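Single-letter residue listing:
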Amino acid sequence: MNINDCLDELSRRAKSDEILRRSLLATRKDRNPLSSFCRICRNHGYEIYPMELIQAGEEFYASMRRSTNGGGENSPKLEGEDDFYELFLAEIE
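Residues numbered from 1 in each chain as written. Predicted model: local features only at pLDDT ≥ 70, side-chain atom pairs only at ≥ 80, totals over all residues. Heavy atoms only, no water.

A. Representation of the environment of M1. Looking at where M1 falls in the secondary structure, it is placed in the segment before α1 (3–16). The spacing of M1 and Y46 is 45 residues in sequence and 8.8 Å in space, taken between C-alpha atoms. M1 has contacts with C6 and E9, leaving out every residue within four places of it along the chain. (Helix = DSSP H or I, 4+ residues; strand = E, 2+ residues; numbered from the N terminus. Contact = heavy atoms within 4.5 Å.)

B. Spatial organisation of the nonpolar core. L24, F37, I48 and L53 are the most contacted members of the largest nonpolar core, which totals 22 residues. At the level of secondary structure, the elements contributing two or more residues to this core comprise α1, α2 (18–26), α3 (33–43), α4 (50–67) and α5 (84–92). Contacts of I48, omitting those with residues within four sequence positions, involve I3, C6, L7, C38, C41, R42 and L53. (Core = buried A, V, L, I, M, F, W, Y, C linked by side-chain atoms within 4.5 Å. Buried < 20%, exposed > 50% of the residue type's maximum accessible area, 1.4 Å probe, protein only.)

C. Just the packing of aromatic side chains, in detail. Counted by the stated rule, this structure contains two aromatic pairs. Relative to Y85, the ring of F37 lies with its centre 5.2 Å away and its plane at 75°, an arrangement referred to as edge-to-face. Of this pair, F37 sits in helix α3 while Y85 sits in helix α5, and the two are 48 residues apart along the sequence. Under the relative-accessibility criterion, F37 is labelled buried at 0%. Residues F37 and F88 carry aromatic rings whose centres are separated by 5.4 Å and whose planes lie at 65° to one another, so their mutual orientation is edge-to-face. Of this pair, F37 sits in helix α3 while F88 is found in helix α5, placing the two residues 51 residues apart along the sequence. The same class applies to F37 as to F88, namely buried. (Phe/Tyr/Trp six-rings, centres within 6.5 Å; stacked < 30°, edge-to-face > 60°.)

Structure, rendered in C-alpha cells:
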C-alpha cells in the first residue's frame, strides 16, 4: 500500500475511533511530532516513516508546481501544501 492509501485509510479509521484520533492529534505537542505520529501509525499497522511522509509531500507539491505556470521559478509558493503530516491532522480535526 502506498503512503497516500495508508493515510486515506488511517484518516477513515481515525474519524471513527476517537482514541486513535486524539492520539494522532496529540503528536503535535510531542518533542518530535513527526516521529511520534509515524510510531502510532506503525503501531496500528500502517508502515509510515518520517522520511517517506516528507518525501511524499515534497513529490506531491513538486508535481503541483510543475502543473502551474509551466512549473518555473515564478510558480506561486503554496503555504503548507507539502506537509502531509499537518494536512492529515487538519483533515481529522
